[in-house]
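Working through the structure, step by step
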Amino acid sequence: MLIGVPREIYPGEKRVATVPDVVSKLIKLGFDVQIERGAGELADLSDAAFIEAGASIAADASTLWHGSDIIFKVRPPAPEELSLMRSGQTLIGFIWPAQNPELMQQMAAKNITVLAIDALPRTLSRAQKMDALTSMAGVSGYRAVVEAANAFGRFFNGQITAAGKVPPAKVFIAGAGVAGLAAIGAAASLGAIVRANDTRAEVADQVVSLGGEFVKVDYDEEGSGGGGYAKVMSEGFQSAQRAMYAQQAREVDIIITTALIPGKPAPRLITADMVQSMKPGSVIVDMAAEQGGNCELTEPGRAVVKHGVTIIGYTDLVSRMARQSSTLYGTNLFRLLEELCKTKDGVINVNMQDDAIRGLTVIKDGEITWPAPALAPAAPKPAPKAASAAVEKKGAHGHGSSGPMPASTLALVFGLGALAFWAIGAYAPAAFLGHFTVFVLACFIGYMVVWNVTPALHTPLMSVTNAISSIIVIGALVQILPPEAGTNARPDALIQWLAFAAIVLTAINMFGGFAVTRRMLDMFRK
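Notes on the structure in this doc start here. Starting from 1, residues in each chain are numbered consecutively following that chain's sequence as written. Given that this is a predicted model, residues contribute local features only at a pLDDT of at least 70 and side-chain atom pairs are listed and counted only at 80 or more, while totals for whole chains, interfaces and linings are drawn from all residues. For the side-chain quantities, the full set of heavy atoms in the structure was used; hydrogens and water were omitted.

**Remarks on the overall build of the protein**
Counting secondary structure elements, the protein contains 18 helices and 17 strands. Relative accessible area decides the class of each residue, using a 1.4 Å probe on protein chains only: under 20% of the type maximum gives buried, over 50% gives exposed, and in between gives partly exposed. Residue burial in the protein is summarised as follows: out of 526 residues, 39% are buried. All accessible areas in this document rest on Shrake-Rupley with a 1.4 Å probe, and a residue is counted as covered only by the protein chains that are shown. As presented, the protein carries roughly 28400 Å² of accessible surface, and 61% of it is formed by carbon and sulfur atoms. What counts as a helix is a DSSP run of H or I of at least four residues, what counts as a strand is a run of E of at least two, and both are numbered from the N terminus.

**Examining the pattern of salt bridges**
Oppositely charged side chains are able to pair whenever their charged atoms sit close together. One side-chain nitrogen of Lys or Arg within 4 Å of one carboxyl oxygen of Asp or Glu is enough to make a salt bridge. With the rule as written, the count across this model stands at 24 salt bridges. For Asp131, the salt bridge identified is with Arg122, shortest N-O distance 3.2 Å. Among the residues examined, Asp131 registers a relative accessible area of 6% and is labelled buried. Here Glu338 ties to Arg335 by a salt bridge, and the two come within 3.0 Å at their closest N and O atoms. Taken as a pair, Glu338 and Arg335 lie in helix α11 (residues 322-340) at a separation of three residues, close to a single helical turn.

**Considering the nonpolar core**
Among buried residues, the Ala, Val, Leu, Ile, Met, Phe, Trp, Tyr and Cys ones that are joined through side-chain atoms within 4.5 Å form a nonpolar core. Judged by nonpolar contacts, the single largest core of 47 residues is most densely connected at Phe72, Ile92, Tyr329 and Leu336. Listing elements by their share of this core, those giving two or more residues are β1 (2-5), α1 (20-28), β2 (32-36), α2 (47-53), β4 (70-72), α6 (132-152), α11 and α12 (355-360). Those residues in contact with Phe72 that sit more than four places away from it in its chain are Ile3, Gly4, Val5, Pro6, Ala17, Leu26, Ile92, Leu333 and Leu337. Within the second largest apolar cluster, 31 residues are counted, among which are Phe152, Ala179, Ala204 and Tyr314. Any pair of residues with heavy atoms lying within 4.5 Å of one another is described as a contacting pair.

**Brief notes about a nonpolar patch on the surface**
Taken together, Trp497, Phe500, Val504, Leu505 and Ile508 make up a surface patch of nonpolar side chains, about 580 Å² in accessible area. Structurally, Trp497 is set in helix α18 (residues 493-523). A relative accessible area of 62% means that Trp497 is categorised as exposed. In this scheme, patches are assembled from residues that exceed 30% relative accessible area and form no salt bridge. Like charges are connected within 9 Å, while nonpolar side chains (Val, Leu, Ile, Met, Phe, Trp, Tyr) are connected within 5 Å.

**Digging into the packing of aromatic side chains**
How two aromatic rings sit relative to each other is set out by the distance from centre to centre and by the angle between their planes. Only Phe, Tyr and Trp rings take part, Trp by its six-membered ring, and two of them pair if their centres are within 6.5 Å. Stacked means planes under 30 degrees apart, edge-to-face means over 60, and tilted covers everything else. Enumeration according to the criterion identifies six aromatic pairs in this entry. Relative to Trp96, the ring of Phe94 has its centre 5.7 Å away and its plane inclined at 10°; by these criteria the two rings are stacked. Residue classification places Phe94 among the buried residues on the basis of a relative accessible area of 6%. For Trp96, a relative accessible area of 35% gives the class partly exposed. Pairing Tyr219 with Phe237 gives two aromatic rings, centres 6.1 Å apart and planes at 85°, and the pair type is edge-to-face. On the criterion of sequence distance, the pair formed by Tyr219 in the loop between β11 (213-214) and α9 (235-251) and Phe237 in helix α9 is long-range, its members being 18 residues apart. Looking at Phe237, the relative accessible area reads 3%, which means it is buried. Among the aromatic side chains, those forming a connected cluster through ring pairs are Phe94, Trp96 and Tyr329. Any Lys NZ or Arg CZ that is within 6 Å of a ring centre and within 35 degrees of that ring's normal is treated as a charge sitting over the ring. The cationic tip of Arg75 hangs over the ring face of Tyr10; the distance from NZ or CZ to the ring centre is 4.1 Å.

**A closer look at the packing of α6 against helix α7 (residues 178-189)**
At a minimum axis separation of 7 Å, α6 and α7 run at an interaxial angle of 40°. One element, α6, and the other, α7, form an angle in the oblique class. For α6 against α7, the interelement crossing comes out right-handed. Seen from α6, the contacting residues are Thr134, Ala137, Gly138, Ser140, Gly141, Tyr142 and Val145; seen from α7, they are Val178, Ala179, Ala182, Ala183, Ala186 and Ala187. Working convention: axes come from line fits to C-alpha atoms, limited for helices to the stretch in contact. Angles between N-to-C directions cover 0 to 180 degrees. Any angle that falls under 35 degrees is termed roughly parallel, while one over 145 is termed roughly antiparallel, one within 65 to 115 roughly perpendicular, and all others oblique. Crossings are classed by handedness, with left-handed meaning an anticlockwise turn of the near helix from the far one by less than a right angle and right-handed meaning a clockwise turn.

**Observations regarding the side chain of Gln241**
Within the element layout of this structure, Gln241 appears in helix α9. Leave out the neighbours within four places in its chain, and Gln241 touches Asn197, Thr199, Val217 and Leu269.

**What about the sheet that holds β11?**
When DSSP finds at least two bridges between two strands, those strands are taken to pair. On the basis of which strands lie adjacent, the open sheet formed by seven strands has the order β11-β10-β9-β12-β13-β15-β14 and mixed pairing. Across the chains shown, the open sheet's two edge strands, defined by having one partner strand only, are β11 and β14 (303-306). Pairing of strand β9 (residues 170-174) with strand β12 (residues 254-257), which is carried by four bridges, proceeds in the parallel orientation. The residue bridging Val171 from the neighbouring strand is Ile254, located in β12.

**Looking at α11**
In an α-helix there are 3.6 residues to a turn, and that puts residues three or four apart on one side. One less than the residue count of a helix, multiplied by 1.5 Å, gives the span that helix is expected to have. Across its 19 residues, α11 extends 26 Å between first and last C-alpha, which sits within 8% of the 27 Å expected from 1.5 Å per residue. Turning to α11, its buried residues are Ala322, Ser325, Ser326, Tyr329, Gly330, Asn332, Leu333, Phe334, Leu336, Leu337, Glu339 and Leu340.

**Structural notes on the sheet that holds strand β17 (residues 367-368)**
One open sheet holds the eight strands; their spatial order is β3-β2-β1-β4-β5-β6-β16-β17, and the pairing between them is mixed. At either margin of the open sheet sits one strand with a lone partner, and together these are β3 (56-58) and β17. Two elements, β2 and β3, share three bridges in a ladder whose sense is parallel. In the strand pairing of β3, Glu36 is matched with Ala58. In the packing of helix α5 (residues 101-109) onto the sheet, contacts are made with β5 (90-93), β6 (113-116), β16 (361-364) and β17, and the angle to β16 comes to roughly 35°.

Structure follows, in structure tokens:
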């Protein structure tokens, strides 16, 4: 089958649906690849690079659309592109079926199959490699920080120079999804003081791990929605959230908003009064501008200055890093083709029994199949307490290999042990008894310190116990030292060499143990 990649005609769109590195992988799957002339120019990808990777070049859009079996697109097809499609083709790209009902009807009338990459069920773990929404959100979050730094006109990190002290910039990020987390990481790496908020409390740890501070709304309500998105919150929560945003607006230098709710206009988080309360020279980057904007004063597609604050409403943040985003997007589509063509023979199979494929198939052979049925909930994990109780009960009745030892067996073991110790004490030499006592105590301490500790603590614990156990070097020193004055006894040469080897090995063990411990402790220091 022939994969066609047309040039994107949407105004300002610089991405292309595949790149030369991905073309060679598609060919290995058995597909032929055709690129429209100049399709990758705006992403700094030449036709020559595509030809070198094994693709052919179509002279114009009409040739490409008519001759291809599968079409890779970034943006939804425009009417003039849709008119070039023929029955039986497969279209793969961003479609946004909820926002484009008329387009869905027009595509269905063409009797084609449409796979909307934006409809992929993101909760499936194996779908992550195909998740173009996540890939593009990561790029846009990073680029938002770059645009903010460009408009801010000051250092992000604090500096002390001969000319004076420069305080670090304070950045507040509203929404800690994929784009928000990418923005947090980028801003923190530049040295800014980063704060973030999200309606989903579970992302707090992720914010902190990236170097940010999670700002909690003083209102208890769970904000997780379906498919990894946030849900619409209650009026009480929104009122408390607005109060928190108003406080942050007065304190910070830069606000980056990322809040979106699928199928609905972007929620208004930053009001005109909040903008007016910000310090002159502050910056707002509204990443939700294309869906109406999170800021009341945002003008989609433009950067404007209002009340002394620069409000950036660019809708092409991803296209401003066209080569990087095209590479990620092309890789996502390649991973999808791997799932559609598991036989690697260049023929796709749209398997509607596959949850991931069913989720993103919005039109199948001219029939609208969107929305996909809800995924079956995952089977609940067995309760650990119930399992433990069952094991204990099983062991108590003597029907299992695990569980506490029966009292009669325990008494027998202790009796045999006591008899063995009595025999050793009665008949062994006095010199042996001293060493044997130390050996028994060492075994007991070793068991209590290592084997009797939960496995989760073994790694940090062993580094300490290895260092402590190196006390054996003292015994080796005693054996290697010269004899006391007035005595002729000298240790055997073999014993001296063994003692020397013990000193070397235990020294390595001792210093290595403390070095490992130090490195572990440094992991928990900021």
